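Remarks on the overall topology
The primary structure of each chain is shown beneath.
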Amino acid sequence: MSINLYLKKGKEESLKRFHPWVFSGAVQRIDGQPEEGNLVRVLSNDGKFLALGQWQIGSIAVRVLSFEDIEINRNFWHSRLVAALRVRQAIGVADSPLNDTYRLVHGEGDNVPGLIIDIYGRTAVMQAHSVGIHLCRQDIADALMEVMGDRLQNVYYKSETTLPFKAGLGQENGFLIGDTPENVATENGLKFHIDWLKGQKTGFFVDQRDNRSLLEHYSKGRNVLNMFCYTGGFSVYAMRGKANLVHSVDSSAKAVDLVNANINLNFPGDPRHEAFAEDAFKFLSEMQTPYDLIVLDPPAFAKHRDALKQALRGYTKLNARAFEKIQPGGILFTFSCSQAVNKDQFRMAVFTAAAMSGRSVRILHQLHQPADHPVNIYHPEGEYLKGLVLSVE
Ligand code: SAH
């Protein structure tokens, strides 16, 4: 049973333009008291139906599941998942003999706010970012098995750290369906161990696939430094691209183990690769190797808008170090995955770093998240990954 929620006068405009959120300040009154995660029917001040969504506590009060007045049941999840799979087939990442690693559902970008599903071989890792999605998890997992058929054996639920802490759900990670421990998946013909049990996000940074591919084409004969390497995605592609040497750096010793394991899986015993557990700034200041291809893919420096200024200074400082050290004719792949930092702000931070170094710098590519992380055109907030490929003289 859904509860009716009435908006303040004039607050219906963004929903009419299909923006999928209702902010708490727009709410006039509610017929009853929904619990977090409950379905609410959002109505204009004069009672016209606008959207159906899940109630949340916080500044976003409702995340919209549908702009039609329908039932939210297994059929609903089924149809959303069919639509999501169809897009991944069109992109070419699903049902490919060379690739079984992709994002099947990207929240608002797939008209399912709060839900992430990444596919790793025969396992789907599902992540809820809202109580509403958490409450529907089993229905979603069952619908997922129906839609994916033979492609899938397991659904692992990994929402311990993404559900609102205050909701007090005490959720533990675990399998909703199946329990096969096999965790090797293939991305563009390269193999990766995916650590969905303990890894960051759903276990792998699926969003850098296209950018890793691009890097492969620049790698031949170069000395590559993959800074903030995590599972070593960029390193493995650089190896296949015939790099002269590849150094992977991450402050986490666990990440260094992961990158070494992934290199061994694809290029066992290849002496061109070495990994270091060190702080990025320290490594960049002290390094002696003449690198001519550097990747900077740091964690989000700004998790919130308030941290924006400091984050931009962080990006400038980091990139300045790379500009100081990279060899003439070098290529720099530099990224920001902070949603609070937009493309222009990031470019300005990198511009400042370039200017500080006094080097001649040209932009070769402007990068972004891949097509299996689609941005809902009515929800530009969904755009988060940006990168630049720079040629440095
Ligand atoms: N490039 C990776 C994803 C990077 S995630 C990929 O393609 O998969 C960010 C990584 O930065 C994490 O593994 C984290 O351990 C590491 N990190 C965070 N702070 C760091 C620092 N100061 N120096 C080096 N690594 C750091």
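In case you missed it, the structure is sitting above this.
Because the structure is a prediction, the values reported are computed rather than measured.

A few points about the overall build of the chain
Across its full length, the chain carries 10 helices and 20 strands. In terms of C-alpha radius of gyration, the chain reaches 22 Å, essentially the compact-globule figure of 21 Å for 393 residues. In terms of principal-axis extent, the alpha carbons of the chain reach across some 65 × 45 × 35 Å. Across the 393 residues in the chain, those meeting the buried criterion constitute 53%. Accessible area for the chain stands at about 17,600 Å²; split by element, carbon and sulfur atoms hold 51% of it. Of the charged side chains in the chain, 43 are positive and 43 negative, and the gap between their average positions amounts to 6 Å.

Topic: the pairing of strand S18 (residues 330-336)
Both faces of the sheet carry side chains from a regular strand, because those side chains alternate between them. Extensive coverage of S18 is indicated by the burial of 7 of its 7 residues. With burial as the criterion, each face of S18 is covered, one bearing Gly330, Leu332, Thr334 and Ser336 and the other bearing Ile331, Phe333 and Phe335. Alignment of strand S17 (residues 293-296) against S18, held across 4 bridges, turns out to be parallel. Bridging across to S18, isoleucine 294 finds its partner in leucine 332. As for the winding sense of the linkage, the β-α-β connection from S17 through helix H9 (residues 308-325) to S18 is right-handed. Here S18 pairs with strand S20 (residues 386-392) via 7 bridges, running antiparallel. Considered in S20, the bridge of phenylalanine 333 is made with valine 389.

What to know about the site of the ligand
Taken together, the neighbourhood of the ligand is formed by 16 residues, with Phe228, Asp250, Asp279, Ala280 and Asp297 sitting nearest. In this structure, arginine 212 approaches the ligand through a side-chain N or O atom, which is 3.1 Å from an oxygen atom. At 3.0 Å, a backbone N or O of serine 251 approaches a nitrogen atom of the ligand. Taken by itself the ligand offers 590 Å² of open surface, and the protein chains cover 87% of this. Here the shell around the ligand is built from residues that sort into 7 nonpolar, 4 polar and 5 charged.

Here's the deal with the packing of aromatic side chains
As enumerated under the stated definition, the model contains 14 aromatic pairs in all. Three or more aromatic residues link up through ring pairs in this structure, and these residues are Phe18, Phe67 and Tyr378. For the cation-ring pair, arginine 29 lies above tyrosine 6, with the distance from its terminal atom to the ring centre recorded as 4.0 Å.

Observations concerning the environment of valine 62
Inspection of the secondary structure assignment puts valine 62 in strand S6 (residues 60-66). You can call valine 62 buried: its relative accessible area is 0%. Between the C-alpha atoms of valine 62 and glycine 37, which are 25 residues apart in sequence, the distance is 9.0 Å. Those residues in contact with valine 62, other than ones at most four positions away along the chain, are Leu5, Pro20, Trp21, Val22, Val40, Val42, Gly53, Gln54 and Trp55.

Examining the nonpolar core
If you look at the biggest cluster of nonpolar residues, it comprises 35 residues, and the most contacted ones within it are Tyr120, Phe192, Ile194, Leu215, Phe333 and Phe335. Contributing elements (two or more residues each) for this core: strand S13 (190-193), helix H5 (209-218), helix H6 (233-240), helix H7 (253-266), S17 and S18. Examining the composition of this core, we find that 5 residues originate from one element, H6, more than from any other.

Here's the deal with the pairing of strand S5 (residues 49-55)
Taken across its 7 residues, S5 has 6 buried, putting it largely inside the fold. Pairing of strand S4 (residues 39-43) with S5, which is carried by 5 bridges, proceeds in the antiparallel orientation. Each residue of the ladder has a partner; that of leucine 43, found in S5, is phenylalanine 49. Remark: 5 residues form the turn of the hairpin made by S4 and S5, two consecutive strands paired antiparallel; glycine 47 in that turn has positive phi of roughly 85°.

A short note on unusual backbone geometry
Notably, lysine 201 is not glycine yet its phi reads approximately 50°, a positive angle. Structurally, the position occupied by lysine 201 is in the loop between S13 and H5. A positive phi angle, near 70°, is found at lysine 242, a position not held by glycine. Tracing the sequence through the fold places lysine 242 in the loop between H6 and strand S15 (245-250). Overall, the relative accessible area of 56% leaves lysine 242 in the exposed class.

So, the packing of H9 against helix H10 (residues 343-357)
Viewed as axis vectors pointing N to C, H9 and H10 meet at an angle of 40°, and their least axial separation amounts to 8 Å. Here H10 runs oblique to H9, going by the angle between their axes. Considering how the two elements wind past one another, H9 and H10 form a crossing that is right-handed. Seen from H9, the contacting residues are Leu308, Leu312, Tyr315, Thr316, Asn319, Ala320 and Phe323; seen from H10, they are Gln345, Phe346, Ala349, Val350, Thr352, Ala353, Ala354, Met356 and Ser357. Across the contact of H9 with H10, the residue classes tally to 11 nonpolar, 5 polar and no charged.

Topic: the pattern of salt bridges
Per the stated rule, a full pass over the model turns up 19 salt bridges. Residues arginine 88 and aspartate 110 are paired through a salt bridge, measuring 2.8 Å at the closest nitrogen-oxygen approach. Of this pair, arginine 88 sits in helix H2 (residues 74-91) while aspartate 110 sits in the loop between strand S7 (101-106) and strand S8 (115-120), and the two are 22 residues apart along the sequence. For aspartate 110, a relative accessible area of 10% translates into the label buried. Between arginine 362 and glutamate 393 there is a salt bridge whose closest N-O contact spans 3.0 Å.

Cut-offs applied
- Residues numbered from 1 in each chain as written.
- Predicted model: local features only at pLDDT ≥ 70, side-chain atom pairs only at ≥ 80, totals over all residues.
- Heavy atoms only, no water.
- Helix = DSSP H or I, 4+ residues; strand = E, 2+ residues; numbered from the N terminus.
- Rg over C-alpha atoms; globule rule 2.2 N^0.38 Å.
- Buried < 20%, exposed > 50% of the residue type's maximum accessible area, 1.4 Å probe, protein only.
- Areas by Shrake-Rupley, 256 points an atom, 1.4 Å probe, with all protein chains shown as cover.
- Lys, Arg positive; Asp, Glu negative; His and termini not counted.
- Charge placed at Lys NZ, Arg CZ, Asp CG, Glu CD.
- Pairing = 2+ DSSP bridges.
- Right-handed = clockwise from strand over helix to strand, strands pointing away.
- Near = heavy atom within 4 Å.
- Polar contact = N/O pair within 3.5 Å; in protein donor to acceptor, adjacent residues only side chain to side chain.
- Nonpolar A, V, L, I, M, F, W, Y, C, P; charged D, E, K, R; others polar.
- Phe/Tyr/Trp six-rings, centres within 6.5 Å; stacked < 30°, edge-to-face > 60°.
- Lys NZ or Arg CZ within 6 Å of the ring centre and 35° of its normal.
- Contact = heavy atoms within 4.5 Å.
- Core = buried A, V, L, I, M, F, W, Y, C linked by side-chain atoms within 4.5 Å.
- Axes fitted to C-alpha atoms, helices over the stretch in contact; angles between N-to-C directions.
- Parallel < 35°, antiparallel > 145°, perpendicular 65-115°, else oblique.
- Left-handed = near helix turned anticlockwise from the far one by under 90°.
- Salt bridge = Lys/Arg side-chain N within 4 Å of Asp/Glu carboxyl O.

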